[in-house]
Amino acid sequence: MLPDANTTCLTRAARLALALAASSFVPAAHADDGWRSSFPIYGWLPGVDAELGVPVDTGTAVSKSNTDILDNLRGALMLSFDTHNGDWGFYGDGDWVKFSNQEGTFRSIGGQHVDAALNTRWDFKGGLITLAGLYTLTHSPSGYTDLVFGGRYFWVKTNVKWDFTLSGGGGNLDIANSGKVAGNSHFSNAIIGLRGRWQNGTTGWYVPYYADVGTGDSDLTSTLQIGVGYAWTWGDLGLDWRWVHYDQGDSELVRHVDLSGPSLGLTWHF
């Protein structure tokens with residue numbers, strides 16, 4: 001009898017874990033001077049929680065997405081790197097995500113609050129690019145902290161569709177029973193933050209962290225990332241939770257966006 005596919009995958013994962021465990025359990029060094037770089041390969045699987053201000057004849061209709069994580073994720077691509085020379089360094093990160101047929105609900109139309117089940121469907125895709133300088137604030141055998149200063153660019157394309165005849169009808173609300181609105185938004189912001197890790201030098205376990213805040217085209221943008229990982233001489237394996245927030249105010253098609261979900265990364269140091 002052939003082995004079950006899930007069992008085979010688990011067996012291979014266990015063999016990989018044993019192979020990694022057989023290597024040297026020594027945390028990666030954080031050198032005091034000279035060039036040092038790292039290149040992570042990671043996957044981030046976010047859910048989207050957003051609010052759109054859809055222009056209609058009577059003003060603005062506000063649609064709020066559901067918060068189901070991963071249900072409508074259709075694609076993702078993530079790249080990251082950093083390099084240091086002494087205390088100074090450079091950090092770059094790029095992310096692209098796509099959601100299709102995301103469910104949402106109109107909360108208000110033309111300033112009028114609605115309680116009916118006026119369902120919407122979204123297509124949502126966008127990219128984040130962060131480029132920043134680094135300066136090492138603290139460094140010890142138990143970890144390090146870098147100051148992050150730079151900028152982040154956010155591009156998002158979305159369209160909102162509705163058909164009230166499929167969800168109870170729009171009643172007396174002054175809006176067409178069906179329609180579609182699409183738009184592109186681009187936001188550039190200056191950011192400042194902290195990134196680093198606390199690690200147990202005797203076992204290789206560590207806690208990575210990253211946080212930043214910024215403003216510019218956005219009223220506020222912020223990022224928070226924290227997790228757990230294990231370090232070897234050649235690199236790290238880490239599992240994080242990452243949250244990215246944008247607040248654009250009430251005058252934009254995209255009013256608020258939260259992208260959050262787990263991230264699994266494998267990093268090489270050289």
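Predicted model, so just to flag it, every value in this text is computed and none were measured. (Residues numbered from 1 in each chain as written. Predicted model: local features only at pLDDT ≥ 70, side-chain atom pairs only at ≥ 80, totals over all residues. Heavy atoms only, no water.)

Engineer: Explain the overall build of the protein here, please?
Structural biologist: A tally of regular secondary structure across the protein gives one helix and 13 strands. Taking all 270 residues of the protein together, the buried fraction comes to 45%. Contacts in the protein between residues far apart in sequence, at least 24 positions, make up 65% of those at least 6 positions apart. Per element, the accessible surface of the protein, about 13,700 Å² overall, is 60% carbon and sulfur. (Helix = DSSP H or I, 4+ residues; strand = E, 2+ residues; numbered from the N terminus. Buried < 20%, exposed > 50% of the residue type's maximum accessible area, 1.4 Å probe, protein only. Contact = heavy atoms within 4.5 Å. Areas by Shrake-Rupley, 256 points an atom, 1.4 Å probe, with all protein chains shown as cover.)

Engineer: Mind showing me how you'd approach the pattern of salt bridges here?
Structural biologist: Where charged atoms from two side chains of opposite charge come close, those side chains can pair. Counting across every chain of the model gives eight salt bridges. Here R242 and D93 are joined by a salt bridge, their closest N and O atoms 3.0 Å apart. Taken together, the positions of R242 in strand 12 (residues 235-247) and D93 in strand 5 (residues 88-109) put the pair 149 residues apart, joining distant regions of the chain. For the pair R242 and D93, one class covers both residues: buried. Salt bridges linked by common partners bring D82, D146 and R195 together as one network. (Salt bridge = Lys/Arg side-chain N within 4 Å of Asp/Glu carboxyl O.)

Engineer: Where do I start with the nonpolar core in this structure?
Structural biologist: Within soluble globular proteins, side chains that are nonpolar tend to cluster in buried spots. Judged by nonpolar contacts, the single largest core of 29 residues is most densely connected at W44, V54, F106, F124, W162, V257 and L259. At the level of elements, strand 1 (35-44), strand 2 (47-56), strand 5, strand 7 (119-140), strand 8 (143-163), strand 9 (178-199), strand 12 and strand 13 (254-269) are the ones that each hand at least two residues to this core. Residues Y91, L134, V148 and Y210 belong to the second largest nonpolar core, which totals six residues. (Core = buried A, V, L, I, M, F, W, Y, C linked by side-chain atoms within 4.5 Å.)

Engineer: Which parts of the structure should I look at to understand a nonpolar patch on the surface?
Structural biologist: Among the surface-exposed residues, F39, I41, L79, F81, F90, I129, L131, Y153, W268 and F270 lie close enough to one another that they form a single nonpolar patch of about 970 Å² accessible area. Of all the secondary-structure elements, those providing two or more residues to the nonpolar patch are strand 1, strand 4 (73-85) and strand 7. Tracing the backbone shows L79 in strand 4. (Patch = residues over 30% accessible without salt bridge, like charges linked within 9 Å, V, L, I, M, F, W, Y side chains within 5 Å.)

Engineer: Explain the pairing of strand 11 (residues 220-231) to me, please; I cannot follow it from the model alone.
Structural biologist: Both faces of the sheet carry side chains from a regular strand, because those side chains alternate between them. Two elements, strand 10 (residues 205-216) and strand 11, share eight bridges in a ladder whose sense is antiparallel. Bridged to Y209 within strand 11 is I226. Bridge count for strand 11 against strand 12 is 12 bridges, and the pairing is antiparallel. Of the residues in strand 12, the one forming a bridge with T223 is V244. Between strand 11 and the antiparallel strand that follows it, strand 12, lie three residues. (Pairing = 2+ DSSP bridges.)

Engineer: I keep staring at the packing of aromatic side chains and nothing clicks. Help me out?
Structural biologist: The geometry of an aromatic ring pair is captured by the separation of the ring centres together with the interplanar angle, meaning the angle of the planes. For the coordinates displayed, the defined rule picks out 11 aromatic pairs. Between F99 and F124, the aromatic rings sit 6.1 Å apart at their centres with planes inclined by 65 degrees, giving edge-to-face as the arrangement. Taken together, the positions of F99 in strand 5 and F124 in strand 7 put the pair 25 residues apart, joining distant regions of the chain. Each member of the pair F99 and F124 is classed as buried. An aromatic cluster is defined as three or more aromatic residues linked by ring pairs; in this entry it consists of W205, Y230, W232 and W234. A cation over a ring is seen here: R197 above Y206, with NZ or CZ 3.9 Å from the ring centre. Over the face of the ring belonging to W44 we find R242, whose NZ or CZ atom lies 4.7 Å from the ring centre. (Phe/Tyr/Trp six-rings, centres within 6.5 Å; stacked < 30°, edge-to-face > 60°. Lys NZ or Arg CZ within 6 Å of the ring centre and 35° of its normal.)

Engineer: Where do I start with the pairing of strand 9 in this structure?
Structural biologist: Relative to strand 9, strand 8 is paired through 21 bridges, and the arrangement is antiparallel. In the strand pairing of strand 9, D163 is matched with S178. Sheet analysis places strand 9 next to strand 10, joined by 11 bridges and oriented antiparallel. Bridged to A190 within strand 10 is T215. Taking the residues between adjacent antiparallel strands as the criterion, strand 9 and strand 10 are bridged by five residues, where G204 takes a positive phi near 95 degrees.

Engineer: Looking at this model, I keep getting lost on the side chain of D236. Mind explaining?
Structural biologist: Note on placement: D236 falls in strand 12. Of note is the side chain of D236, whose polar atom sits 2.5 Å from the side chain of R197. (Polar contact = N/O pair within 3.5 Å; in protein donor to acceptor, adjacent residues only side chain to side chain.)

Engineer: Quick question: what am I supposed to make of the confidence of the model for the protein here?
Structural biologist: Low-pLDDT portions of the prediction should not be read for the details of their coordinates. Residue-level pLDDT values for the protein average 79, and 75% of them are 70 or greater. In the model of the protein, helix 1 (residues 5-21) stands out as the element of lowest mean pLDDT, 46, in contrast to strand 10, which has the highest, 96. In this model residues 5-10 is a low-confidence stretch, pLDDT under 50, and it forms one contact with partners more than four residues away in sequence or in other chains. Long-range and interchain partners of residues 16-31, a stretch whose pLDDT sits below 50, account for 31 contacts in this model, where long-range means more than four residues apart. (pLDDT = per-residue confidence, 0-100.)

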